[in-house]
Amino acid sequence: MLVPVIDDFAKQYLHDDLKEVRQTMLRKLGGLPEYAIRRPLTSTGTNLLGLVKHLALAEARYFGEVFDRPFPEPVPRWDDLGQRGADFWATEHETREEITSRYQRVCEHSDATIAALAIDSPGYVPWWPRPDVLLFTVLVHMLTETSRHAGHADILREQLDGAVEMDLAAMARRGRDEAFWQSRWAEIERAAKAADPATA
């Protein structure tokens, strides 16, 4: 007897992973002052609070509008060109609490959508070239999108204060303390310079 590949187990597995990576995003803001979570850390202005703000908008659309279950708070239309990119940074008037609590409300709304629908429920993404989708497709997309931005957040946070998303106590027990990482950094730097004759 054949069992469907996309089933409730797949739905729960993807949903659990999405919940976990959402929490990673919020942890990245912990213990940092306002300037640190807002400041542009790349040439395109990427910053920690902006990533959370962006993910809130993405989830509101993908688990709201796409499945005709709109998020109950105002969300800029996907085709509003004037709003493009505004979700990637926070104005001085937007508080950390406003943005993080909105993200949590969006996640609760998304969770309700995911719980209410079957994994093969149809949706419609008007901004995609092939707009007809299934809940499975959107779950995979949002897990990928959130994981991608969690990777960005890992690097930004490490740039800011050296905090990393790993068990530092366990790493230290294996000899990977601050001295280890400084030595590793120096080793990588030496290898990079040695590979590029222009730096000699």
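Anything mentioned here points back to the structure above.
Residues take numbers from 1 onward in each chain, read along the sequence in its written order. Side-chain atom pairs in this predicted model are given and counted only at pLDDT of 80 or more, local residue features only at pLDDT of at least 70, and totals for whole chains, interfaces and linings cover all residues. Note: side-chain values were computed over all heavy atoms of the structure, leaving out hydrogens and water.

Time to look at the overall build of the chain. Helix and strand assignments come from DSSP, with helices taken as H or I runs of at least 4 residues and strands as E runs of at least 2, each series counted from the N terminus. A tally of helices and strands in the chain yields seven helices and two strands. Helices and strands in the chain line up, N terminus first, as α-α-α-α-β-β-α-α-α. Seen through its C-alpha atoms, the chain measures out along the principal axes to roughly 55 × 55 × 35 Å. Of all 200 residues assigned to the chain, the portion counted as buried reaches 35%. Contact criterion: two residues are considered in contact whenever any of their non-hydrogen atoms come within 4.5 Å of each other. Long-range pairs, those at least 24 residues apart, make up 74% of the contacts in the chain with a sequence separation of at least 6. Summed over all atoms, the accessible surface of the chain reaches about 12,200 Å², with 57% contributed by carbon and sulfur. For the charge count, each Lys or Arg is scored as positive and each Asp or Glu as negative, with His and the chain ends excluded. Lys charges are placed at NZ, Arg charges at CZ, Asp charges at CG and Glu charges at CD. Side-chain charges of the chain comprise 24 positive and 32 negative groups, with the mean position of each set lying 3 Å from the other. A simple rule labels every residue: compare its accessible area, found with a 1.4 Å probe on the protein chains alone, to the largest value its type can have, and call it buried under 20%, exposed over 50%, or partly exposed in between. Each accessible area is a Shrake-Rupley result for a 1.4 Å probe, and residues are judged covered by the shown protein chains and nothing else.

Our next topic: the side chain of His 15. You can see His 15 is positioned in helix α1 (residues 8-27). Pairs of N or O atoms within 3.5 Å make up the polar contacts considered here, provided that, within protein, one atom can donate a hydrogen while the other can accept it, and that residues adjacent in sequence are counted only when both atoms are side-chain atoms. A distance of 2.7 Å separates a polar atom in the side chain of His 15 from a polar atom in the side chain of Asp 111. Apart from the residues lying within four places of it in its own chain, the contact partners of His 15 are Asp 111, Ile 114 and Leu 139.

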